[in-house]
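# Understanding the architecture of this molecule
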Number of protein chains: 2
Amino acid sequence: MDSDYGVPRELSEVQKKRALYQPEVPPCLQGTTVRVEYGDAAIAADPAGAHVISQAFPHTYGQPLAHFLRKTAVVADAKIIAEHPAVRVGIVFCGRQSPGGHNVVWGLYEAIKAHNQSSKLIGFLGGSDGLLAQKTLEITDEVLSSYKNQGGYDMLGRTKDQIRTKEQVNGAMASCQALKLDALVIIGGVTSNTDAAQLAETFAEAKCATKVVGVPVTLNGDLKNQFVETTVGFDTICKVNSQLISNVCTDALSAEKYYYFIRLMGRKASHVALECTLQSHPNMVILGEEVAASKLTIFDITKQICDAVQARAEKDKNHGVILIPEGLVESIPELYALLQEIHGLHGRGVSAENISSQLSPWASALFEFLPPFIRKQLLLHPESDDSAQLSQIETEKLLAQLVETEMNRRLKEGTYKGKKFNAICHFFGYQARGALPSKFDCDYAYVLGHVCYHIIAAGLNGYMATVTNLKSPVNKWRCGAAPISSMMTVKRWSRGPSATQIGKPAVHMASVDLKGKAYELLRQSSSSFLLEDIYRNPGPLQFEGPGADSKPISLCVEDQDYMGRIKKLQEYLEKVKSIVKPGCSQDVLKAALSSMASVTETLNIMTSSSTGQTQL
Amino acid sequence: MDSDYGVPRELSEVQKKRALYQPEVPPCLQGTTVRVEYGDAAIAADPAGAHVISQAFPHTYGQPLAHFLRKTAVVADAKIIAEHPAVRVGIVFCGRQSPGGHNVVWGLYEAIKAHNQSSKLIGFLGGSDGLLAQKTLEITDEVLSSYKNQGGYDMLGRTKDQIRTKEQVNGAMASCQALKLDALVIIGGVTSNTDAAQLAETFAEAKCATKVVGVPVTLNGDLKNQFVETTVGFDTICKVNSQLISNVCTDALSAEKYYYFIRLMGRKASHVALECTLQSHPNMVILGEEVAASKLTIFDITKQICDAVQARAEKDKNHGVILIPEGLVESIPELYALLQEIHGLHGRGVSAENISSQLSPWASALFEFLPPFIRKQLLLHPESDDSAQLSQIETEKLLAQLVETEMNRRLKEGTYKGKKFNAICHFFGYQARGALPSKFDCDYAYVLGHVCYHIIAAGLNGYMATVTNLKSPVNKWRCGAAPISSMMTVKRWSRGPSATQIGKPAVHMASVDLKGKAYELLRQSSSSFLLEDIYRNPGPLQFEGPGADSKPISLCVEDQDYMGRIKKLQEYLEKVKSIVKPGCSQDVLKAALSSMASVTETLNIMTSSSTGQTQL
């Protein structure tokens, strides 16, 4: 083995204590006997795309939802999974590491071994590279011992390479067949789960026996839909970042002379920025979704910040904290168009030095206006998935510089009478990614690992493990599985860097819902955040005492348990059926018909009007 | 009041729990009756400077050490402080905020009120500015309630202005007289405590009744000497930073493709970098003290890092984590000389744009060699204390860029055969400064606050509050006070930016002791740190459970309790005296004379040979 993956780690006191932490599993998964109940066939939330998706996934689209229930649950159609033959399961980390990922492996391992000691869990080393190269490590108690409840992906390593091209897909299939895998579990975000769905479909088509299961693990929190309430890692990332943001707020308040511009992780979606704002109450946050929705230019944003600085100065406040998601640069229309042109030229093999001379006059004018450091960063080669290297583009410095220039102008002009504007910039990116996972992420990931086993035992293919009702305590969590293809949408136009995605079904990043409750909460508080400095310090991530059991605010304010509510609806329908049986009175039938007609019409109207809106 | 200082803060769950935490006080300070024992007159550790210091501080140099003992302590000369008239005490935060500062105020308040309810504690708002402008806030239970055990300095605010010029000193005196202060407590680092000593001397000379007391609070940990084992805030800063460094290490290990260059706080002294290295075991740390001692150039350092990268690549490791103190740039001789020239030109009013053309040919050649971003940063105006704006100089990026260039050269040349070198840079500065203080910092600061009261009650002037034996549990801590002037040294040459300091006694920053045990520990482990990736993650700062009671490693490995050992020596001398009394036998006298002659000679030799070494 040419790497350090999977070697026992020296643990600190805190880590040792964490390694002893045993996450709970909800009642439905306790014991070795679990019932599985199948719901209706799951459809895509995007009705207009459903046809394209069903054609692209003939074997795996339209499969039913699965709910896992406790042995004693009294549900007519729920079957007990009685057979537990020895299985061979592969597991692979795909994409950027997210705190809690190790616990998926642990949870799956525990469930596998609890049902058949002869079963094997095989980890692929170095992510998808290891999958293709068949570099493996058998997961054992010994291997797991220093990785339980620990951060990072260093037990198995990862790459950010995708499994997308024909060669890659065939390579993965060859590995699964060579290793005689009954199932392959892919841990990752939207891209990796899209790949998982594609693998599942290809395997089914090729009659490869390996079932593919996806697990929602990504720190950006942007894999979110009717079946997935949040992803593993998001809670930890937001807690670690909120701690640091709060420290900076306290700093601002102590010195009263700096504006701090803080850039946070989060590509197209600003979930991390939103959650951190709700946790630590900085003065301002600029969400990519707001900028995109209002089509704000870089000058509009600069002006907004300047006006805020001025309003605060009038209240004798010459300090502040402003949050920016790293994806902001792609939400600003003119910067995005510029990036698109640059990527186009990269794609045509134009070298970085020559790009600026080949830009369109319009893009060139903007490019020349930007400070040199940003120009250099915009010219960086795109990432492996064709998107801009957002972590390397210092949008916070660009904004700080533009704001400084404008404030100096206003100061000279006399319209601004506050102190000289001073900015300090931060990027909170990599320093949270390897963090020790919060209790919530430990629990969530561990339970997802268990769910993976039951998906495999039920023989399902192309599913994602789901745990819902997450804002409630673990004993109220519901476990299930949903076909990944039902989470897909089809983009008919694309603001994404890769036009290749147009028309192809994929699990897309979910943006912050500007009609959602979390955003509403932000809007309600934003003016007091801006002017009153009601900074809040959630403190460092705690494993004991108060705060240790807290969950993301944006998770807790949303209505949840979609899966539970889908079940509730089924129960109503069953009840109606059981009341309105042949032989019931005319009146009952009349009442039922009239009520159902009205329900049906309402839903018809709603469903057709939502067609234009493809994203949840 | 035109600022938000001292207003009640909204606290999070964790903060609320912390606000309820009651730090212990050691037995000697429990109850309301404390004995004070005076030791010998304290001398400066720098014998060559002692004369200059005694001349500059005729009223306050050569005062005895003070030890505070419990009421029941059986010590012949210890006096009970019996009188506790109502006192009026002012308190001010000076310099950069450091976690735990609020607890000094709280501890002092508790001690003051416990001894006389009519006494008053008056906080100055906005640091030394508030002291000069007599902007005050009376400290009450209500004011304190949301600041107990909390980070930042936002209860009173701060500036980094000094109290040094004649006007400032006279202004401070006028404020103390106008407010009828019996004492003024100054919370800060080396600069502020030097100012405190100067104020004490000036007040004594002018027969101003206000006594001045200093408290060692600075996050850099560089106020360290025979009386002061560590400063308030250092523990928290190192814990918060070590957490982040460890996260980055885990990240490096998960992705195995990046080198992380992390710049940490720490100006001329690299205490933070050393402690964080001992806590989290990154691959490499470059201490300013090592660079200065070995006179390494920027090219030497680059080469060292490149060789390390190459050695790691030969072991198939293409990732790593390297720590750099922000003060490194001033430790590198040629960069420091360049900075000196730039500051000189600034001082002569040359504008930033024109400086490069007026540099000496040698400095100019170096300047032109450096990447543009660093040139711009080096040209920034010096800070108020005439030092470079180190937090704004991205040394980590400079090194990363130089290393990248060299590794690319080696790659082309074929001498390096690893993967392409990729660096990611971080500055961990402001994000730790406002952190919730660790339990140790809460306790230490609170006890120091108590000690301040007893210094005032004993009528001492120009003293610093000290707590020693800190690596032991609180009930073993020893409390005392030492004249600040005895901590001073006189620089006969200066590498500091302000030549004005030459010949003037001052409390200088203590460098990392390259002969000390903490550095020895680093040296013992450095090659395994470099090659074996034995990263250690202390986890986020905990307030309960394991790790909550940990203290800085560099504090715990050093021999300590200087004050205790001074006392022990006195006891031996007393014992000799009591045995060898007139009337004792010839033999006893002979033995005593011979032994004492030998001791005296040994010490004489050691004292004279240590003259060349002025810094501890």
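Predicted model only: the values in this text are computed from it and were never measured. (Residues numbered from 1 in each chain as written. Chains lettered and ligands numbered in written order. Predicted model: local features only at pLDDT ≥ 70, side-chain atom pairs only at ≥ 80, totals over all residues. Heavy atoms only, no water.)

Turning our attention to the sheet that holds strand 14 (residues 478–483) of chain A. Residue and element names in this part refer to chain A. Pairing is mixed in the open sheet, where ten strands are placed in the order 3-1-2-14-13-8-7-4-5-6. A single partner strand is all that each edge strand has here, and the edge strands are strand 3 (79–80) and strand 6 (136–138). Of the strands in this sheet, strand 1 (34–41), strand 2 (64–70), strand 4 (88–93), strand 7 (183–188), strand 8 (211–216), strand 13 (463–468) and strand 14 touch helix 19 (residues 439–457), which is tilted by about 135 degrees from strand 13. (Pairing = 2+ DSSP bridges. Helix = DSSP H or I, 4+ residues; strand = E, 2+ residues; numbered from the N terminus. Contact = heavy atoms within 4.5 Å. Axes fitted to C-alpha atoms, helices over the stretch in contact; angles between N-to-C directions.)

On to the pattern of salt bridges, then. Residue and element names in this part refer to chain A. The final tally for this structure, using the stated rule, is 40 salt bridges over all chains. The residue D549 makes a salt bridge to K439 at a minimum N-O spacing of 3.3 Å. Of this pair, D549 sits in the loop between helix 20 (517–532) and helix 21 (553–557) while K439 sits in helix 19, and the two are 110 residues apart along the sequence. (Salt bridge = Lys/Arg side-chain N within 4 Å of Asp/Glu carboxyl O.)

A few words now on the packing of aromatic side chains. One pass over the structure, following the stated rule, counts 24 aromatic pairs over all chains. Look at Y258(A) and Y430(B): their rings are 6.3 Å apart centre to centre, the planes differ by 65 degrees, and that puts the pair in the edge-to-face class. Taken together, the residues span two chains, with Y258(A) in the loop between helix 8 (234–255) and strand 9 (259–264) and Y430(B) in helix 18 (residues 430–433). The exposure classification of Y258(A) matches that of Y430(B), with both residues buried. Centroid distance Y444(B) to W477(B): 6.4 Å. Interplanar angle 80 degrees. Geometry classified as edge-to-face. With a gap of 33 residues between them, Y444(B) in helix 19 (residues 439–457) and W477(B) in the loop between strand 13 (463–468) and strand 14 (478–483) connect regions that are remote in the sequence. The rings of Y258(A), Y260(A), F427(B) and Y430(B) are connected pair by pair, giving a single aromatic cluster. Looking at R18(A), its charged tip hangs above the ring of Y21(A), at a distance of 4.5 Å from the centre. (Phe/Tyr/Trp six-rings, centres within 6.5 Å; stacked < 30°, edge-to-face > 60°. Buried < 20%, exposed > 50% of the residue type's maximum accessible area, 1.4 Å probe, protein only. Lys NZ or Arg CZ within 6 Å of the ring centre and 35° of its normal.)

This part takes up the sheet that holds strand 4 (residues 88–93) of chain B. All names here are of chain B. Strand order across the open sheet formed by ten strands is 3-1-2-14-13-8-7-4-5-6, with mixed pairing between neighbours. This sheet does not close on itself; its edge strands, each paired only once, are strand 3 (79–80) and strand 6 (136–138). Pairing geometry for strand 7 (residues 183–188) and strand 8 (residues 211–216), over six bridges, is parallel. In the sheet register, L184 faces strand 8, and the bridge partner there is V212. Together, strand 4, strand 5 (120–124), strand 7 and strand 8 form the strand contacts of helix 3 (residues 101–115), whose direction differs from that of strand 4 by roughly 175 degrees.

Taken together, the 64 residues of chain A in the interface contact 64 residues of chain B. Summing the contributions of chain A and of chain B, the shared interface buries around 5,300 Å²; its carbon and sulfur component is 48%. Among the residues chain A hides against chain B, the three largest losses belong to S254(A), Y430(A) and Q431(A). Together they make up 11% of the total. The partner of K397(A) in a salt bridge is E394(B), and the shortest N-O contact between them spans 2.9 Å. Here chain A is connected to chain B by 24 residue pairs in polar contact (both at pLDDT 80 or more). Within the residue set of the side of chain A that touches chain B, elements represented by two or more residues are helix 1 (13–19), helix 8, strand 12 (423–428) and helix 18 (430–433) of chain A. (Buried area = accessible area lost by both parts, 1.4 Å probe. Polar contact = N/O pair within 3.5 Å; in protein donor to acceptor, adjacent residues only side chain to side chain.)

To continue, consider the side chain of S12(A). Mapped onto the secondary structure, S12(A) falls in the segment before helix 1. Assessed through its relative accessible area of 3%, S12(A) is described here as buried. Not counting residues within four places of it along the chain, the set of residues in contact with S12(A) comprises R536(B), N537(B) and P538(B).

Next up on the list: the pairing of strand 8 of chain B. Residue and element names in this part refer to chain B. The buried fraction of strand 8 is high, at five of six residues. As for the winding sense of the linkage, the β-α-β connection from strand 7 through helix 7 (residues 190–205) to strand 8 is right-handed. In terms of strand pairing, strand 8 meets strand 13 through two bridges, oriented parallel. Looking at the pairing, G214 lines up with M464 of strand 13. (Right-handed = clockwise from strand over helix to strand, strands pointing away.)

What follows is about the packing of helix 13 (residues 333–347) of chain A against helix 15 (residues 361–369) of chain A. Residues and elements named next belong to chain A. With their axes 10 Å apart at the nearest point, helix 13 and helix 15 run at an angle of 110 degrees to one another. With respect to helix 15, the axis of helix 13 lies roughly perpendicular. The hand of the helix 13/helix 15 crossing is left-handed. Two secondary-structure elements touch here, helix 13 through E334, L335, A337, L338, E341 and I342 and helix 15 through W362, A363, L366 and F367. The residue inventory of the contact of helix 13 with helix 15, partitioned by class, reads eight nonpolar, no polar and two charged. (Parallel < 35°, antiparallel > 145°, perpendicular 65-115°, else oblique. Left-handed = near helix turned anticlockwise from the far one by under 90°. Nonpolar A, V, L, I, M, F, W, Y, C, P; charged D, E, K, R; others polar.)

With that out of the way, let us pick up the domain arrangement of chain A. Residue and element names in this part refer to chain A. Along its sequence, chain A is carved into domain 1 (16–233 + 437–507), domain 2 (237–326 + 393–431 + 512–557) and domain 3 (562–600). For domain 1 versus domain 3, the distance between C-alpha centres works out to 35 Å. Taken residue by residue, the interface counts 14 residues in domain 1 and six residues in domain 3. Between domain 1 and domain 3, the buried area comes to about 820 Å², and carbon and sulfur atoms account for 62% of it. For domain 1, the biggest contributors to the area lost against domain 3 are H67, Q226 and R478; these three give 44% of the whole. Between the two partners, domain 1 and domain 3, sit zero salt bridges. The interface formed by domain 1 and domain 3 includes zero residue pairs in polar contact (both at pLDDT 80 or more). Put simply, the parts of the chain that give the side of domain 1 that touches domain 3 at least two residues each are strand 1, strand 2, strand 13 and strand 14. Split by residue class, the side of domain 1 that touches domain 3 holds five nonpolar, six polar and three charged. (Domains from an automatic or database assignment.)

Taken together, the side chains of L569(A), L573(A), V576(A) and M596(A) define a hydrophobic patch exposed on the protein surface, amounting to about 310 Å² of accessible area. No other element matches helix 22 (residues 562–579) of chain A, which puts three residues into the nonpolar patch. (Patch = residues over 30% accessible without salt bridge, like charges linked within 9 Å, V, L, I, M, F, W, Y side chains within 5 Å. Areas by Shrake-Rupley, 256 points an atom, 1.4 Å probe, with all protein chains shown as cover.)

All right, on to the environment of T194(A) then. Residue and element names in this part refer to chain A. Looking at the secondary structure, you find T194 in helix 7 (residues 190–205). When its relative accessible area of 9% is taken as the criterion, T194 is described as buried. Placed 94 residues apart in sequence, T194 and G288 show a C-alpha to C-alpha distance of 23 Å. When residues no more than four places from it in sequence are discounted, the contact partners of T194 are R164, M488, P505, A506 and V507. For T194, the side chain forms a polar contact with the main-chain oxygen of V190, separated by 2.8 Å.

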